[in-house]
Amino acid sequence: LANALGENWQDEYYIWDCCAGTGNLLAGLTNKYHIWASTLDQQDVDVMRERISNGANLLDSHVFQFDFLNDSFDCLPKGLKEIIDDPEKRRKLVIYINPPYKEATNVRQKTGTGSNMSGLTKGTPTYEKYLKVIGSAARELFALFLMRIYDEIPECIVGQFSTLKHLQSQNFKLFRKAFPGIV
């Protein structure tokens, strides 16, 4: 990221890990005033807060429970909501994620019908909103994360740590069309 955004990127940009889990990806970041961490499970929030009490470089008020695929951005902490709502600040927002890689196991299994779908069920707003846009890629949680980011947080920067599956698979044909610039 320093190569793309500059050596002082952590002081010039805001960082939101919207699927932080216990916050391991955030280790090594330096400006705790610019870091936000949310996760689906309250248990993970508790772990991050315990890590803060033991010296982790995060602010307690910037760590919160949030279901990124289903909760409204109106539920975000005030400071992060202000960044998302302000086009200039939003251009300085880095969505810094290692999203979940859960999927329906085969074409006959619909998203949300198996225990492997943890938190996402067929009929949820994000799934229904993007199903027609990205087709079978909607069976993949990470694809839904990326689609919501692209659609609802325009002009932010995505720092994604993943494989290039969405560039290779036939199931991602519509997904690739939804993102100009993805080859």
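Residues numbered from 1 in each chain as written. Predicted model: local features only at pLDDT ≥ 70, side-chain atom pairs only at ≥ 80, totals over all residues. Heavy atoms only, no water.

Participant: How should I be thinking about the packing of helix α6 (residues 125-134) against helix α7 (residues 141-152) in this particular structure?
Facilitator: For any two helices packed against each other, one specifies the inter-axial angle together with the distance between the axes. Where α6 contacts α7, the two axes come as close as 10 Å, and the packing angle between them is 90°. Between α6 and α7, the crossing angle belongs to the class labelled roughly perpendicular. For the pair α6 and α7, the contacting residues are T126, Y127, K129, Y130, V133 and I134 in the first and A143, L144, M147, R148, D151 and E152 in the second. (Axes fitted to C-alpha atoms, helices over the stretch in contact; angles between N-to-C directions. Helix = DSSP H or I, 4+ residues; strand = E, 2+ residues; numbered from the N terminus. Parallel < 35°, antiparallel > 145°, perpendicular 65-115°, else oblique. Contact = heavy atoms within 4.5 Å.)

Participant: What am I meant to see in the packing of aromatic side chains here?
Facilitator: Any aromatic ring pair is given by two values, namely how distant the centres are and how the planes are angled relative to each other. Under the criterion given, the structure shown has nine aromatic pairs. Judged by centre distance (6.2 Å) and plane angle (70°), the ring pair of W16 and F73 falls under edge-to-face. Here F73 lies in the loop between β3 (63-65) and α4 (78-85) and W16 lies in strand β1 (residues 14-17), a separation of 57 residues in the sequence. Each member of the pair, W16 as well as F73, is classed as buried. Ring centres of F66 and F68 lie 6.4 Å apart, and the angle between their planes is 65°; this geometry places the pair in the edge-to-face category. (Phe/Tyr/Trp six-rings, centres within 6.5 Å; stacked < 30°, edge-to-face > 60°. Buried < 20%, exposed > 50% of the residue type's maximum accessible area, 1.4 Å probe, protein only.)

Participant: What exactly am I supposed to notice about α6 here?
Facilitator: An α-helical segment advances 3.6 residues per turn. Residues three or four places apart therefore align on the same side. All buried positions along α6 are accounted for by T126, Y127, Y130 and I134. Summarising the axial view, the buried residues of α6 lie within an arc of 95°, below the 170-degree limit, and thus occupy one face. Residues P125 and K132 are exposed on α6 and point more than 90 degrees away from its buried face. On its buried face, α6 is in contact with α7 and α9 (173-178). A positive backbone phi angle near 60° is found at G135, which sits one or two residues after α6. (Arc of directions from axis to C-beta.)

Participant: Looking at this structure, how should I read unusual backbone geometry?
Facilitator: As a rule of thumb, non-glycine residues mostly have phi less than zero, and peptide bonds are mostly trans rather than cis. With a phi angle near 70°, E155 is a residue other than glycine that sits in the positive phi range. Residue position: E155 is located in the loop between α7 and β5 (157-160). On the basis of relative accessible area, E155 is assigned to the partly exposed category, the value being 48%.

Participant: Quick question: what am I supposed to make of the pattern of salt bridges here?
Facilitator: Opposite charge on two side chains allows them to pair when their charged atoms are near. A full pass over the atoms with the stated rule returns eight salt bridges. Across the salt bridge formed by R91 and E88, the nearest N and O atoms sit 2.7 Å from each other. The class for R91 is partly exposed, based on a relative accessible area of 35%. E152 serves as the salt-bridge partner of K129, at 3.2 Å between the closest nitrogen and oxygen. Placement of K129 in helix α6 and of E152 in helix α7 is noted, with a sequence separation of 23 residues between them. Look at K129 and you get partly exposed, because its relative accessible area is 43%. Accessibility expressed as a relative area gives 24% for E152, which makes it partly exposed. (Salt bridge = Lys/Arg side-chain N within 4 Å of Asp/Glu carboxyl O.)

Such coordinate-based values are descriptive only and should not be taken to indicate function.
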